[in-house]
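Overview (structure and organization)
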Amino acid sequence: MKGLVISLYIYYMKDDSKLQEIRDAMLAEDWSRVIKIAATFQRLGKNKETIQKAADSLVNADFYIQIGYDPQKLFEEGIAAVKERFNKSWEEILKQKNGS
C-alpha cells in the first residue's frame, strides 16, 4: 500500500515544482543543480547546514579553502545529505534508472 501511495504522489506531482526540479536533476546526475535548488528550501531538517554549506562552497570555493574546508568534501557531503533528505525521490530515481 505504501508503494502505491508514493507512486500516486509522484504521478500527481506538479511538473513545475521545485521538488520535481530536484528529481529531474537527480535523474540527470546534475548534483550541483540539485544542491543549489535544495539549499533554497526552508525545511531541510538536520541536513540544512550541510546542504547550505555545500551550496555556498560551489559559489565561494576560495573562501572555504581559506577557512580550512575542502570544497570537494563539502560537495560530497551535500550530495549525501540531499539523498538522505529526499530519500523517497532518490529511491524513485534509482527505480527509473534500473527500469523497475
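Our structure's up above, just so we're on the same page.
First things first, this report covers the structure right here in the doc. Quick caveat, the model's predicted, so the values are computed rather than measured. (Residues numbered from 1 in each chain as written. Predicted model: local features only at pLDDT ≥ 70, side-chain atom pairs only at ≥ 80, totals over all residues. Heavy atoms only, no water.)

**Comments concerning the side chain of Ser 17**
Stated precisely, the cut-off is as follows: By definition, any uninterrupted DSSP run of H or I lasting at least four residues is a helix, any uninterrupted run of E lasting at least two residues is a strand, and each is numbered from the N terminus. Two N or O atoms form a polar contact when they lie within 3.5 Å of each other; inside protein one atom must be a possible hydrogen donor and the other a possible acceptor, and for residues adjacent in sequence the pair counts only when both atoms belong to side chains.
Structurally, Ser 17 can be placed in the loop between α1 (2-12) and α2 (18-27). Among the polar contacts listed, one links the side chain of Ser 17 to the backbone nitrogen of Gln 20, at a separation of 3.0 Å.

**Side note on the packing of aromatic side chains**
The geometry of two aromatic rings is summed up by the distance between their centres and the angle between their planes. This is how it is decided: Put simply, two rings from Phe, Tyr or Trp (the six-membered ring, in Trp's case) pair if the centres are within 6.5 Å, and we call them stacked under 30 degrees between planes, edge-to-face over 60, tilted for the rest. Under the scheme applied here, a residue whose accessible area is under 20% of the maximum for its type counts as buried, over 50% as exposed, and between as partly exposed, the area being computed with a 1.4 Å probe on protein chains only.
Throughout the structure, instances matching the rule amount to 3 aromatic pairs. Aromatic pair Phe 63 and Tyr 64: ring centres 5.4 Å apart, planes at 80°, arrangement edge-to-face. On the accessibility criterion, Phe 63 (43% relative accessible area) is partly exposed. Ring pairs connect the aromatic residues Phe 63, Tyr 64 and Tyr 69, which therefore count as one cluster.

**Quick notes on a nonpolar patch on the surface**
This is how the line gets drawn: Patch membership requires more than 30% relative accessible area and the absence of a salt bridge. Residues of like charge join within 9 Å; the nonpolar side chains Val, Leu, Ile, Met, Phe, Trp and Tyr join within 5 Å. Computed with the Shrake-Rupley method and a 1.4 Å probe, the accessible areas treat only the protein chains shown as cover for residues. The salt bridge criterion pairs a side-chain nitrogen of Lys or Arg with a carboxyl oxygen of Asp or Glu, the two atoms within 4 Å.
A grouping of Phe 63, Ile 67 and Tyr 69 is seen on the molecular surface, where their side chains present a nonpolar patch of about 280 Å² in accessible area. Tracing the backbone through its elements, the reader meets Phe 63 in helix α5 (residues 61-66).

**Remarks on the nonpolar core**
Rules: The term nonpolar core refers to a set of buried residues drawn from Ala, Val, Leu, Ile, Met, Phe, Trp, Tyr and Cys, joined through side-chain atoms within 4.5 Å. Pairs of residues are marked as contacts when any of their non-hydrogen atoms sit within 4.5 Å.
Membership of the largest hydrophobic core comes to 22 residues, with the highest contact counts inside it found for Ile 22, Met 26, Val 82 and Phe 86. Secondary structure elements with two or more residues in this core: α2, α3 (31-38), α4 (48-59), α6 (71-85) and α7 (87-98). For Met 26, the contacting residues outside a window of four places in its chain are Trp 31, Val 34, Val 82, Phe 86, Trp 90, Ile 93 and Lys 97.

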